[in-house]
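An overview of the molecular structure
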Amino acid sequence: MRTKIVAGNWKMNKNVSESKSLTLDIIANLNAQSQTRVIVSPPATNLATVADTAQGSKVEVAAQNMHQATSGAYTGEISADMIKSTGVEIVILGHSERREYFHENDALLAEKVNAALAAKLEIIFCFGEKLEERKAGKHFEVVKSQLSNALFHLNADAWKSIILAYEPVWAIGTGETASPEQAQEMHAFIRQTLTEKYGTAVAESVSILYGGSVKPENAVEIFSKPDVDGGLIGGASLKAADFIAIVNAA
Ligand code: 13P
């Protein structure tokens, strides 16, 4: 059985003390018996504090980005080793905001994926089509090429360290969410694409999260779909009560 996962992407929100108190609030209200993996992703400045705060709890911590080089003259960037040195073992790569505002493309993301895996970081890999691509009926094609360009050079074993997050760009921060049927249709397509490339064992073991305006009100219905294995949550992950309600929905 693949794992259910709910991850909160805090984006550029929360300073050190706010990150610490949100983490404590989440830990205090989590159902300790739940089988769902719970991940929070604070800004890079807060990784060490959040990792320390979450130590010994069910909450895991992810970085939001990293550079592909191991070290060097890359002002403002952080490496996989720096992330690991904070106690964090997961990194989000390929978020649409990184693609859009920081011009990250599939080739660069393939390099980042390789660097993260070499450092033994687990990866939450984000991808998804833009509104005009969906309107043009190109969403399946776009998603397939994002996956194959950045990930399909990997061997089957590497997929033990990959979590996929389908995030249609038109649903991110817009309040507009993919319908549960649209999410299921795309997730089933993604799993089929993985089956064709790697076979059933890999395809059935990879968790595929949905992201884009998931809220306590719509989480149960979206997560009830057979190929939706949880969510990557933006805005609603910034309030402990909303995030916990979404975790409980999984
Ligand atoms: P929202 O939940 O705010 O739409 O953001 C989704 C997202 O980008 C998670 O990575």
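Here's what I pulled together on the structure shown here. Please read all numbers here as calculations on a predicted model, not as lab measurements. (Residues numbered from 1 in each chain as written. Predicted model: local features only at pLDDT ≥ 70, side-chain atom pairs only at ≥ 80, totals over all residues. Heavy atoms only, no water.)

What follows deals with the overall build of the chain. Counting its regular elements, the chain contains 11 helices and 8 strands. Taking 2.2 N^0.38 as the reference for a compact globule, 250 residues should give roughly 18 Å; the C-alpha atoms of the chain span a radius of gyration of 17 Å, in line with that estimate. Along the longest, intermediate and shortest principal axes, the C-alpha atoms of the chain span 45 × 45 × 35 Å. Each of the 250 residues in the chain was classed as buried or not, and the buried ones make up 51%. Restricting the contact set of the chain to residue pairs at least 6 apart, pairs at least 24 apart contribute 72%. Carbon and sulfur atoms form 51% of the exposed surface of the chain, whose accessible area is close to 11100 Å². Positive and negative side-chain charges in the chain, numbering 23 and 29 respectively, have mean positions lying 2 Å apart. (Helix = DSSP H or I, 4+ residues; strand = E, 2+ residues; numbered from the N terminus. Rg over C-alpha atoms; globule rule 2.2 N^0.38 Å. Buried < 20%, exposed > 50% of the residue type's maximum accessible area, 1.4 Å probe, protein only. Contact = heavy atoms within 4.5 Å. Areas by Shrake-Rupley, 256 points an atom, 1.4 Å probe, with all protein chains shown as cover. Lys, Arg positive; Asp, Glu negative; His and termini not counted. Charge placed at Lys NZ, Arg CZ, Asp CG, Glu CD.)

So, on to the packing of helix H1 (residues 16-29) against helix H11 (residues 240-249). Two elements in contact, H1 and H11, have axes separated by 9 Å at closest approach and are oriented at 40 degrees. Here H1 is positioned oblique relative to H11, judged by the angle of their axes. Along this stretch, H1 crosses H11, giving a crossing that reads as right-handed. Taking contact as the criterion, the partners of Leu-22, Asp-25, Ile-26 and Asn-29 in H1 are, on H11, Ala-240, Phe-243 and Ile-244. Each residue belonging to the contact of H1 with H11 can be placed in one class, and the counts come to 5 nonpolar, 1 polar and 1 charged. (Axes fitted to C-alpha atoms, helices over the stretch in contact; angles between N-to-C directions. Parallel < 35°, antiparallel > 145°, perpendicular 65-115°, else oblique. Left-handed = near helix turned anticlockwise from the far one by under 90°. Nonpolar A, V, L, I, M, F, W, Y, C, P; charged D, E, K, R; others polar.)

So, on to the site of the ligand. Neighbouring the ligand are Asn-9, Lys-11, His-95, Glu-167, Ala-171, Ile-172, Gly-173, Gly-212, Ser-213, Leu-232, Gly-234 and Gly-235. Within the contact set of the ligand, an oxygen atom lies 2.8 Å away from a side-chain nitrogen or oxygen of His-95. Contact distances for the ligand include 2.9 Å between an oxygen atom and a side-chain N or O atom of Glu-167. Grouping the amino acids of the shell around the ligand by side-chain chemistry returns 3 nonpolar, 7 polar and 2 charged. (Near = heavy atom within 4 Å. Polar contact = N/O pair within 3.5 Å; in protein donor to acceptor, adjacent residues only side chain to side chain.)

Turning to the pairing of strand S7 (residues 208-211), a few remarks are in order. Burial of the side chains of S7 extends over both faces: Ile-208 and Tyr-210 are buried on one face and Leu-209 and Gly-211 on the other. Sheet topology places strand S6 (residues 162-166) next to S7; 3 bridges connect them, and they run parallel. If you follow Tyr-166 over to S7, its bridge partner there is Tyr-210. As judged from the 2 bridges shared by S7 and strand S8 (residues 230-233), these two strands associate in the parallel manner. Paired with Tyr-210 across the strands is Gly-231, a residue of S8. (Pairing = 2+ DSSP bridges.)

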